[in-house]
Each structure stands twice: as C-alpha cells, then as structure tokens.
Amino acid sequence: MAAPSQPPRVSLPASVMNCAAYSADGERRDIDLDSISDVLDVDDGSFVWVGLYEPDSRVLNKLQEEFGLHDLAIEDARNAHQRPKIETYGNSLFIALHTAQNMEGSINFGETHLFIGPRYLVTVRHGASSSYGDARARMEREPELLKHGPAAALYVVLDMVVDRLLPIVDEFGNALNALETDIFADEFDKQTVQKLYDLKRELTRLRLAVAPLQDVLSHLARPRADLIDEEMRLYFRDVLDHAVRINENTDTLREMLTAAVNVNLALVTVRQGEVVKRMGAWAALLAVPTLVTGWYGMNFAVMPELQGRWSYPVLAALVAGGVFALYRAFKRSGWL
C-alpha cells in the first residue's frame, strides 16, 4: 500500500517564517505570498496568518499589496524602534510592542509589530524575539479558538509575549535575594553596588516594555474594540490581568532595589564613620604625650620641674594617667 502523499512544500522568502490559511473548521493550509489574495477573495470564513522576521522592503511591499496595509504602518514595521502603541487604520489595527527574553543570563529586548484585519494577522519580529511557533501550535490544538479568526491568533501571540515575561521577573527577584548577603556584608564591595545598578537598569527597561502593553490590552478588551468579539474580549482581559501583575511586581522590585542601594550606601557611610571615630580617638590618645613632650622639647634654660630628681617619673606618670583616662572615656562612649 502506497504511503499517503505529502503536500508540496511552499517556497517562501527567507524572512517569511510561516504563511498559512486557516479554514473556519480549523484546517491549516500552507500557501505562498501570491496566493493570499486568492484566499481572501473567497468569503468562506477563513483567514491568513503570516509570520515574518526582520523582513526586507520587498516582502513588506508585497504584503501591503495583498492586504491593503496603510503606508504609515508599513513604514513603522520597516524601521522598527517604535514605542509600544496601537493604531487604527480603517478596518485594521497596527500594534507595536516590545518583547524580552533571557539569553545566557542577560535580558535581551526586541520588538513585534502586528497587523490585524477582518481576515488576516501579520506578525513582524525584530531583534531578540522568539518564534511564535508555539502560539500557532496552541491555536491549532484548540479549534474553539480558531472560530474567532484573527482575534484568536492575536490573543495567543499576546498571551505568549506576556507569559514569557513572568520568569524574567522571577529571576530578577531571585537575583535580588541572592544579593542580600552582600548588601549587609561588613566590607564594602563595589561589585555589589554595580550588580544592584545593573538589575535596576534592566528592570527599568522591562517596565518600559510592560507598562505600555497594558494600554494596548486595555484597548483590545474594551466593548467597542473593533475586530474583537465579546467572547474574545474575556481572553484579552485575562492577559491584561497578567500584564498588570507583572508591572506591579516590576515596580515592587524596582523600589526594593532602590532601597537596597540606599541601605548599602548608608551602611558604607556608617562603617566609614566608625573608622573615622576610631582614628580620631587614637589621634587624641597620641596627642597627650605629643603635647607634653613637645613642650619639654623646647630649648629654654628655665622650665618647670626641670631640675627636680623625680620630675621625669612624675611627668611620665601624669602622661600615662591622662592617656589612660582618655582611653577609658573613649571606650565607654564606643569610639574604641
């Protein structure tokens, strides 16, 4: 019995990660860019999902032609380095958001731009951004989502973006906990302050990615949001809740890092003050014999008790007594 034939592999430009048409019943069919208009011409409830990674102008111009995308949105997707936002162009939306992922112990940031219309979703990734293959696979495993069309695809992408931020925030918390011992160490360590600064800098960058994402999700969860039906708004509200929690955790960690830096610097100042106090106390102890011996070291013929038999022992005893009295006083006050 002959093996079932496999569908021919669709040839796509290198920057096109996926280009597939999804029918109303959840069936997937890989297509090329030229076939997009053929799918859209048939009003059968299907939609097209195109995934791109750092596409060139030729690919973007082709998609603009196929989907009728606005020139300004295409320009934003081409240039990247956009602030997170959501824009409405006729019956379509353009969404720009920042992504983050942990790569070899450091947080790398990227961008994702999304075009969503009544029957299409286009995802454009720039920089450090993982593939949305897992989001696509999740949607294909859940046919009840597919019936909502491009809104469902948009939901699984945004849900994946937010879920990838959760472990990053947890890692920041673990890193801060690991530094607590160094923060309260007896010796000043410049590396500790440097690590605290690096953590706060990365958290600030993460907050700049998460905080605007809340505005995007809030817009999609509104009752009047275009292209999103009532049932899908519930899903977007759930993603919004996760984003709010991440943002609150980020703010809390930033405040804790600020407090940690201040505590570390305060402890360093206190320790320096203790050192200065000890040095001042020892300097005062040395000042007593220095003053007396300096007085008697002057070249004058007539000096008090200069000719007395017991002058030297008495003077030495007085100096020793004065030094001992100062030592006891400094010891009681905690300076020594």
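Undergrad: It is not clear to me how the sheet that holds strand β1 (residues 16-22) should be interpreted in this structure. Could you clarify?
TA: Pairing between the strands of a sheet is mediated by backbone hydrogen bonds and can be parallel or antiparallel. In space, the seven strands of this open sheet follow the order β2-β1-β3-β7-β6-β5-β4, with mixed pairing throughout. With one partner strand each, in any of the chains shown, β2 (28-30) and β4 (85-89) form the two edges of the open sheet. Strand-to-strand twist across the sheet, computed as the mean angle between neighbouring axes with direction ignored, equals 20 degrees. In the packing of helix α2 (residues 57-67) onto the sheet, contacts are made with β1, β3 (47-53) and β7 (120-127), and the angle to β3 comes to roughly 165 degrees. Lying on the sheet, helix α7 (residues 166-183) is in contact with β5 (92-103) and β6 (106-117); it crosses β5 at an angle near 40 degrees.

Undergrad: What is the right way to look at the packing of α2 against helix α3 (residues 71-79) in this model?
TA: Each pair of packed helices gets described by two things: the angle between the helix axes and the distance between those axes. At a minimum axis distance of 11 Å, the contact between α2 and α3 shows a crossing angle of 155 degrees. Viewed along their axes, α2 and α3 adopt a mutual orientation that is roughly antiparallel. By crossing handedness, the relation of α2 to α3 is classed as right-handed. Within the contact between the two elements, α2 uses Ser57, Leu60, Asn61 and Gln64 and α3 uses Asp71, Ile74, Ala77 and Arg78. Here the residues of the contact of α2 with α3 sort into three nonpolar, three polar and two charged.

Undergrad: What should I look at first to understand the packing of aromatic side chains in this one?
TA: Aromatic ring pairs are defined here through the distance separating the ring centres and the angle between the ring planes. On inspection of all chains with the given rule, the structure shows five aromatic pairs. Here a set of aromatic residues connected by ring pairs shows up, and it is made of Tyr155, Tyr235 and Phe236. Its guanidinium or amino end placed over the ring of Trp49, Arg136 lies 4.2 Å from that ring's centre, counting from NZ or CZ.

What counts, and at which threshold
- Residues numbered from 1 in each chain as written.
- Predicted model: local features only at pLDDT ≥ 70, side-chain atom pairs only at ≥ 80, totals over all residues.
- Heavy atoms only, no water.
- Pairing = 2+ DSSP bridges.
- Helix = DSSP H or I, 4+ residues; strand = E, 2+ residues; numbered from the N terminus.
- Axes fitted to C-alpha atoms, helices over the stretch in contact; angles between N-to-C directions.
- Contact = heavy atoms within 4.5 Å.
- Parallel < 35°, antiparallel > 145°, perpendicular 65-115°, else oblique.
- Left-handed = near helix turned anticlockwise from the far one by under 90°.
- Nonpolar A, V, L, I, M, F, W, Y, C, P; charged D, E, K, R; others polar.
- Phe/Tyr/Trp six-rings, centres within 6.5 Å; stacked < 30°, edge-to-face > 60°.
- Lys NZ or Arg CZ within 6 Å of the ring centre and 35° of its normal.

All quantities given are derived from atomic positions and should not be read as evidence of function.
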